[in-house]
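Listed here are the chains, written in short residue letters.
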Amino acid sequence: MTDSSLWLASVCDDALESLDDQPQPKPTETLHQYFLKQQFEGARIAGGETVPCYDCGDHLYEGRPVSVRACRHSDEPAYTIAAVYCAGCAPTELTETAHGREDVLLEADLGLAMAGQTHWTILVDPTVVATA
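In this text, all values refer to a predicted model and were calculated from it rather than measured experimentally.

1. Points about the packing of aromatic side chains
Working step 1: With the rule as written, the count across this model stands at three aromatic pairs.
Working step 2: Aromatic side chains Tyr54 and Tyr85 sit 5.7 Å apart centroid to centroid with 75° between the ring planes, which places their arrangement in the edge-to-face category. You can see Tyr54 sitting in the loop between strand E2 (50-52) and strand E3 (59-61) and its partner Tyr85 sitting in strand E5 (residues 80-86), a full 31 residues away along the chain.
Working step 3: Lying over the aromatic face of Tyr54, Arg69 brings its terminal NZ or CZ to 6.0 Å of the ring centre.

Structure (structure tokens):
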């Protein structure tokens, strides 16, 4: 007969170590900002390989830094990308807010995802700049 307490302890220790491998919020990030950042990582912006800047119309492509304004009404389950801005047109704060709506301003890089012959533009490494 074998001692199962040693086996059980090693299984439990392995499970705890795997939880430590998960990315954790930095002390300066609030939990809400951390979850927002996770929600927007890899978020689909548009079909195709470029996205126009909301203000100047410049074509933004993979690797370019952008600012993104997203919003979610209280009765909606997910955020909607409202505008994408190039670095030159990027707002520094949220000025257009509405009652019953959450707004988020993010900075990120654009990435490109592909499946077969289809391409779409995504957000890579988003950072929350402001929320309202």
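Anyway, onward from the coordinates.
2. Considerations on the confidence of the model for the protein chain
Working step 1: Mean pLDDT over the protein chain works out to 83, with 78% of the residues at or above the 70 mark.
Working step 2: Taken as a whole, residues 4-12 scores under 50 in pLDDT and shows zero contacts with residues more than four places along the chain or in a different chain.

3. Focus: unusual backbone geometry
Working step 1: One non-glycine residue, Asp125, lies in positive phi territory at about 50°.
Working step 2: The topology assignment puts Asp125 in strand E7 (residues 118-131).

4. With respect to the sheet that holds E7
Working step 1: Strand order across the open sheet formed by five strands is E1-E7-E6-E4-E5, with antiparallel pairing between neighbours. Where the open sheet ends on each side, the last strands, each with one partner, are strand E1 (44-47) and E5. Sheet twist, expressed as the mean angle between neighbouring strand axes with direction ignored, is 35°.
Working step 2: Relative to E7, E1 runs antiparallel, the two sharing three bridges. Looking at E7, one finds that Ala46 is bridged to Thr121.

5. What to know about the environment of Tyr54
Working step 1: Sequence spacing of Tyr54 and Ala90 is 36 residues, and the spatial spacing of their C-alpha atoms is 9.4 Å.
Working step 2: Setting aside anything within four residues of it in sequence, one finds Tyr54 in contact with Arg69, Ala82, Ala83, Val84 and Tyr85.

Criteria and thresholds
Residues numbered from 1 in each chain as written. Predicted model: local features only at pLDDT ≥ 70, side-chain atom pairs only at ≥ 80, totals over all residues. Heavy atoms only, no water. Phe/Tyr/Trp six-rings, centres within 6.5 Å; stacked < 30°, edge-to-face > 60°. Helix = DSSP H or I, 4+ residues; strand = E, 2+ residues; numbered from the N terminus. Lys NZ or Arg CZ within 6 Å of the ring centre and 35° of its normal. pLDDT = per-residue confidence, 0-100. Contact = heavy atoms within 4.5 Å. Pairing = 2+ DSSP bridges. Axes fitted to C-alpha atoms, helices over the stretch in contact; angles between N-to-C directions.

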